[in-house]
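# Results of the structural survey
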Amino acid sequence: MKNQIAQFCEQIQQSVEQKSLVKVSLGNYQGNEPALKNIYIRLVLIKNIEKLAFTFRYKTKDIVKNFDLTEGYKSIAEWLEEGFKVATLMSTESDWQYEVLKNGKVMLKQKTASAKATPSLEHDKEKKRLIKPAEKAYLVDLKITDEQGNVFKNAQDKYRQINHYVEILSSLIKDSAIEKLHKVVDMGSGKGYLTFALYDYLHNTLGLKTQVQGVEYRQDMVDLCNQFAQNASFDGLSFTQGTILDYEQKDISMLIALHACDTATDDAIFKGLQSDAELIVVAPCCHKQIRREIEKNKAQNELKFLTKYGIFLERQAEMVTDGIRALILEYFGYKTKVFEFISDAHTPKNVLVVGIKSGINPKRQEEILQEIAQTKAYFGIDYHHLERLTQLSK
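Described in the following lines is the structure provided in the data block. These numbers were taken from a predicted model, which means no experiment stands behind them.

### Some words on unusual backbone geometry
For Ser233, which is not glycine, the phi dihedral falls at a positive 60°. For His259, which is not glycine, the phi dihedral falls at a positive 65°. Mapped onto the elements, His259 comes out in strand S11 (residues 254-261). Judged by relative accessible area, which is 31%, His259 ranks as partly exposed.

Written out as structure tokens, the structure reads:
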């Protein structure tokens, strides 16, 4: 048996060296590994180094491991000795069949090649990024890529984050009245990573003429981003100095506010409501106002066994705050969505509260007011900041 296994592995090595390997499969497992059924092996290229990728197929899962070539050949031989009774090598030169028969004899046969081409050596399928790195002046200025469009190693997380945000926004944009998307405002735009990428997507992917404006308190960031926009020839993109409360323009069709702290998120939503925006997207941060209300009044309810613990109280305050925000958005005629998304390595999970302009009937509005009142009474909340801004509460 060992001679046939050695010959079989030699043929695998030869097919790798000749660049003719298609795949190797091991089957009819009769060993001691619980639930293991098959192993599938293919050649992959990882950081320009050839490796053998093993897919271990179990009854309910697949596990993939990558081996150096020498280690891979040795592993195949060991698995054949330890329980796999059938193995097939497919290459563009010829196929080889290894089989242990019921009488214990070992058969190794060469057959005519069944495949005419080798598969791609890419380890993973190339991700379809909405924001491509090549020929993007703003990505160079933001130090995401070099001038050749290569993403810097220390900027990989930021590049993925930018694309992740744009992917989320792209699906929301398609759910809204896209033809009414005339002006986008990014409240608290910071260095403008998302603002630039969103402008790029709207103009160069969707072909829209949407005006995009970033609002940022730090004047140095505003000046820097306006310079980057000029370098990129993004004529419809501008940045202005100010706070969310200071911002007075009311022609917003899409409002974004990511990580606006505590009631600043309410201020941003209110600006969107004042403009009758088609789309409002906020990722809240810190929920101090409602937490202080709950702590102050100490309402006695069925959840007091939870809210007596600080960490649970914090989580409860987050849910109540954003739940009331969603209700208020619905009251003003928005279809609301609240979902969790992965942001980046530093803030791994965020909640996104989304309002898409729709419509509402007066009966449902009355129900919402009752739901808000009941929620406030249950948790001992005197007021919600957004409720005051919209004058739903005097």
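Read on, since the account is not over.
### A few points about helix H2 (residues 69-81)
End to end, H2 covers 19 Å across 13 residues, agreeing with the expected 18 Å (1.5 Å per residue, within 8%). For H2, every residue scored as buried is listed here: Gly72, Tyr73, Ser75, Ile76, Ala77, Trp79 and Leu80. Gly83 sits one or two positions beyond H2 and adopts a positive phi of about 150°.

### Section: the nonpolar core
Residues Tyr138, Phe196, Leu202 and Met254 are the most contacted members of the largest nonpolar core, which totals 44 residues. Mapped by element, the contributors of at least two residues to this core are helix H3 (137-141), helix H4 (156-175), helix H5 (193-205), helix H6 (219-231), strand S10 (237-241), S11, strand S12 (279-285) and strand S14 (349-357). With eight residues, H4 is the largest single contributor of residues to this core. Apart from the residues within four sequence positions on either side, Phe196 is in contact with Tyr138, Leu142, Lys191, Cys225, Phe228, Ala229, Phe234, Leu237 and Phe239.

### Quick look at the packing of helix H10 (residues 310-331) against helix H11 (residues 362-379)
Where H10 contacts H11, the two axes come as close as 9 Å, and the packing angle between them is 160°. As the angle between them shows, H10 and H11 are arranged roughly antiparallel. Relative to H11, the crossing made by H10 is left-handed. Of the residues in H11, those in contact with Gln316, Val320, Ile324, Leu327, Ile328, Glu330 and Tyr331 of H10 are Arg364, Gln365, Ile368, Leu369, Glu371, Ile372, Thr375 and Phe379. Across the contact of H10 with H11, the residue classes tally to nine nonpolar, three polar and three charged.

Thresholds applied
- Residues numbered from 1 in each chain as written.
- Predicted model: local features only at pLDDT ≥ 70, side-chain atom pairs only at ≥ 80, totals over all residues.
- Heavy atoms only, no water.
- Helix = DSSP H or I, 4+ residues; strand = E, 2+ residues; numbered from the N terminus.
- Buried < 20%, exposed > 50% of the residue type's maximum accessible area, 1.4 Å probe, protein only.
- Expected span 1.5 Å × (residues − 1).
- Core = buried A, V, L, I, M, F, W, Y, C linked by side-chain atoms within 4.5 Å.
- Contact = heavy atoms within 4.5 Å.
- Axes fitted to C-alpha atoms, helices over the stretch in contact; angles between N-to-C directions.
- Parallel < 35°, antiparallel > 145°, perpendicular 65-115°, else oblique.
- Left-handed = near helix turned anticlockwise from the far one by under 90°.
- Nonpolar A, V, L, I, M, F, W, Y, C, P; charged D, E, K, R; others polar.

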